[in-house]
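A closer look at the structure
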Amino acid sequence: MNNGVIMQYYHWYISNDGTLWDKLDKTANELADAGFTALWLPPAYKGSGGTWDVGYAVYDLFDLGEFDQKNTVRTKYGTREQYLKAIKTAQDAGIQIYADVVFNHKDGGDEIERIFAQEMDWNDRNRPVSDWYEIAAYTKFNFSGRGDKYSSMKWYWWCFDSLSYNADTKRADKLYRLKDKHFETEVSYEHGNYDYLMANDLDTGNDLVRGELMYWGRWFVDTTGVNGFRIDAVKHIRSTFFRDWLNHLRVHFGGRELFSVGEYWSQDIDALHGYIASSDGRLSLFDVPLHFKFHQASRQGSSFDLRSIFDRTLVKEQPALAVTFVENHDTQPCQSLESPVEPWFKPLAYALILLRREGYPCVFYADYYGAQYQDKGRDNTLYSHRFLIDKFLKARREYGFGDQHDYFDHPNTIGWTRLGNSNHPGAMAVVLTNSAPGNKWMNVFRPNQEFYDATGHINDIIHTNNDGWGNFPCPGGSISVWLQK
């Protein structure tokens, strides 16, 4: 999508009062007017934690808030009816919907099965540390609240290859590989083999499991009409699986694009390149290395060399498949992958993803609306940056076109220009600094023209010279976005 922008429309600690789908239904047109063209919605199916479940502890993929399971009908976000209504409202407003797909594991089994398993070393998953012995595992999923509606398949131990909770000990501190099962290949090499992440790990090498996931994909798109997917934990699932799954759906739905982005959580850019190659480039990836650049830059302040901000990032090396982001639900304070970007740097980071040509940017709900919550004995506030993000979205929509020229020639002050095109003839000059107030001589190829700072940080008008050059300033530790009047 030309100059498209995604919003991740939730954060980890969003209220569990079941109102998110209704909020989307009411605000979809406002989001479209602001410049958002797609929304990534949280997992919409029933999790083992009921109304408290963010959606990643998947219990029943077919229960979108329709059946009395896990002590609730609705999910954390609302009912199936509210979900489908919100999707239609957003799409009618011109917004695409990307659904969160969690296929790595299932949690909250209904019954215990006694099975033989072998303990494996957490740090070297290929090394057994015990003989085979019998454990009690919650691996039987009956879905009694749903019955056989939509699918008659029930899940048993042989649908999984590993788990960590033993009901005999009531502990989840050991990694168990199930008898006659093997960890999947084509996964991350971390810890020797990073197939296992949590709960009951799906065996996608099993034909019945693969068939059910293919069928669910068809059913889900038919039911919801979503435009694409955000796919969870792809480094823990064989890389060819989602290649085949997406190919299957795209063919089934007559060649629909079904844009998809995978979460491969690694700072190692070579690992991301490897996944793209082994999955035949069928899906984009989040630019995790760029996020960590933002995290480091925000912590290091003026000692961080801004000229290197894009070095070894996906948006620089494979921009066509890079979804850029500043933060997400996993990186926010108190979460497992906590790596927050400090508030002072977030406007700079958002300018670096929203005002440049490369990448498909994603804005985090809590950065747009703000958030307050408590966890792990800490009070946390995520400040709203909506005022500047809205300014950036407007500039992207009206001026983010044409050639781009970079002026990454100073460790603390960098800038770039966008020169427009025939349909959007205005020029834009962006300058930012992580130190003292700065300025940047840049050529916008607009002789004797006036430029104003759309952020409002500087009230002066900049005049370009006879050759189209201008000296564009910005405040210390901040950003200015200069637009042609």
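Going by the structure above, here's the rest.
Residues numbered from 1 in each chain as written. Predicted model: local features only at pLDDT ≥ 70, side-chain atom pairs only at ≥ 80, totals over all residues. Heavy atoms only, no water.

**Observations regarding the overall build of the protein chain**
- Across its full length, the protein chain carries 10 helices and 26 strands.
- A globule of 485 residues ought to have a C-alpha radius of gyration of about 23 Å, and the protein chain, at 24 Å, matches this closely.
- The 485 residues of the protein chain split such that 61% are buried.
- Put simply, of all contacts in the protein chain between residues at least 6 apart along the chain, 68% involve residues at least 24 apart.
- When the accessible surface of the protein chain is totalled, it reaches about 18,500 Å², and 47% of it is carbon and sulfur.
- A distance of 2 Å separates the average location of the 51 positive side-chain charges in the protein chain from that of its 64 negative side-chain charges. (Helix = DSSP H or I, 4+ residues; strand = E, 2+ residues; numbered from the N terminus. Rg over C-alpha atoms; globule rule 2.2 N^0.38 Å. Buried < 20%, exposed > 50% of the residue type's maximum accessible area, 1.4 Å probe, protein only. Contact = heavy atoms within 4.5 Å. Areas by Shrake-Rupley, 256 points an atom, 1.4 Å probe, with all protein chains shown as cover. Lys, Arg positive; Asp, Glu negative; His and termini not counted. Charge placed at Lys NZ, Arg CZ, Asp CG, Glu CD.)

**Considerations on unusual backbone geometry**
- A positive phi angle, close to 55°, is found at Arg312, a residue other than glycine.
- With respect to the helices and strands, Arg312 occurs in the loop between helix H6 (288-300) and helix H7 (314-317).
- Given a relative accessible area of 44%, Arg312 falls into the partly exposed group.
- Phi is positive for Asn448, which is not a glycine, with a value near 55°.
- Counting through the fold element by element, Asn448 comes out in the loop between strand E22 (438-443) and strand E23 (450-453).

**Focus: the nonpolar core**
- Among the nonpolar cores identified, the biggest contains 136 residues, and Tyr83, Phe103, Trp216, Phe229, Phe242, Trp245 and Phe294 are the most heavily contacted of them.
- If near-sequence neighbours (up to four positions away) are discounted, Phe103 is found in contact with Leu61, Leu202, Leu213, Trp216, Ile237, Phe241, Phe242 and Trp245.
- Formed by 12 residues, the second largest nonpolar core is a distinct cluster that contains Ala429, Val444, Ile462 and Phe472. (Core = buried A, V, L, I, M, F, W, Y, C linked by side-chain atoms within 4.5 Å.)

**Digging into the environment of Thr381**
- Mapped onto the elements, Thr381 comes out in strand E18 (residues 378-382).
- For Thr381, a relative accessible area of 37% puts it in the partly exposed group.
- For Thr381 and Gly49, which are 332 residues apart along the polypeptide, the C-alpha to C-alpha distance reads 25 Å.
- With residues near it in sequence (within four places) discarded, Thr381 still touches Ala371 and Gln372.

**Regarding the packing of aromatic side chains**
- For the coordinates displayed, the defined rule picks out 45 aromatic pairs.
- The interplanar angle of 65° and the centroid separation of 5.2 Å between the aromatic rings of Phe259 and Tyr360 together place this pair among those described as edge-to-face. Remark: Tyr360 occurs in strand E16 (residues 360-364) and Phe259 occurs in strand E13 (residues 259-262); sequence separation between them is 101 residues. Per residue, the accessibility class of Phe259 equals that of Tyr360, and both read buried.
- Between the aromatic rings of Trp344 and Phe345, the centroid separation amounts to 5.3 Å while the plane-to-plane angle is 75°, which identifies the pairing as edge-to-face.
- By way of ring pairs, the aromatic residues Tyr45, Phe103, Trp216, Phe220, Phe229, Phe241, Phe242 and Trp245 are connected into one cluster. (Phe/Tyr/Trp six-rings, centres within 6.5 Å; stacked < 30°, edge-to-face > 60°.)

**Quick look at the pairing of strand E9 (residues 160-163)**
- Both E9 and strand E11 (residues 200-202) contribute to a ladder of two bridges, which runs antiparallel. Within E11, the position partnered with Phe160 by the bridge is Leu202. (Pairing = 2+ DSSP bridges.)

**Remarks on the side chain of Lys154**
- Along the chain, Lys154 turns up in the loop between strand E8 (128-140) and E9.
- Polar contacts involving the side chain of Lys154 include one to the main-chain carbonyl oxygen of Gly147, which spans 2.9 Å. (Polar contact = N/O pair within 3.5 Å; in protein donor to acceptor, adjacent residues only side chain to side chain.)

**Remarks on the side chain of Arg418**
- Topologically, Arg418 is positioned in strand E20 (residues 413-418).
- At 3.4 Å, the side chain of Arg418 and the backbone oxygen of Gly400 are in polar contact.
- Discounting chain neighbours no more than four positions away, the residues touching Arg418 are Leu355, Arg356, Arg357, Tyr399, Gly400, Phe401, Gly402, Asp403, Gln404, Gly426, Ala427 and Met428.

**Overview of the pattern of salt bridges**
- Using the criterion set out here, one finds 38 salt bridges in the structure.
- Residues Lys46 and Asp63 are paired through a salt bridge, measuring 2.7 Å at the closest nitrogen-oxygen approach. Of the two residues, Lys46 is situated in strand E3 (residues 46-47) and Asp63 in the loop between strand E4 (58-60) and helix H2 (80-92); the sequence distance between them amounts to 17 residues. Each member of the pair, Lys46 as well as Asp63, is classed as buried.
- In this structure, Lys235 and Glu190 form a salt bridge, with 2.7 Å as the shortest nitrogen-oxygen distance. With Lys235 in the loop between strand E12 (228-231) and helix H4 (239-252) and Glu190 in the loop between strand E10 (175-178) and E11, the pair connects residues that are 45 residues apart, well separated along the chain. (Salt bridge = Lys/Arg side-chain N within 4 Å of Asp/Glu carboxyl O.)

**Brief notes about the sheet that holds E20**
- With antiparallel pairing, the six strands of this open sheet are ordered in space as E19-E20-E21-E26-E23-E24. Both outer strands of the open sheet, strand E19 (404-407) and strand E24 (462-463), are each paired with one neighbouring strand and no more.
- Relative to strand E26 (residues 479-484), E23 runs antiparallel, the two sharing three bridges. In the sheet register, Phe451 faces E26, and the bridge partner there is Gln484.
- Packing against the sheet, helix H10 (residues 386-399) makes contact with E20, strand E21 (428-433), E23 and E26, and its axis sits at approximately 35° to E26. (Axes fitted to C-alpha atoms, helices over the stretch in contact; angles between N-to-C directions.)

**Topic: the environment of His329**
- Turning to its location among the elements, His329 is positioned in the loop between strand E15 (322-325) and helix H8 (346-354).
- Between the C-alpha atom of His329 and that of Tyr365, which follows or precedes it by 36 residues, the distance is 8.9 Å.
- In this view, His329 contacts Gln8, Tyr10, His11, Trp12, Trp40, Tyr56, Arg230, Gln335 and Phe364; residues no more than four positions away in its chain are not counted.
- One polar contact links His329 to Gln8, side chain to side chain, over a distance of 2.9 Å.
- Here Tyr56 takes part through its side chain, which lies 3.4 Å from a polar atom of the side chain of His329.

**A few points about the environment of Tyr133**
- Along the chain, Tyr133 falls in strand E8.
- The residues contacting Tyr133, other than those within four sequence positions of it, are Ile115, Phe116, Ala117, Glu119, Lys174 and Tyr176.
- Separated by 2.4 Å, the side chains of Tyr133 and Glu119 make a polar contact.

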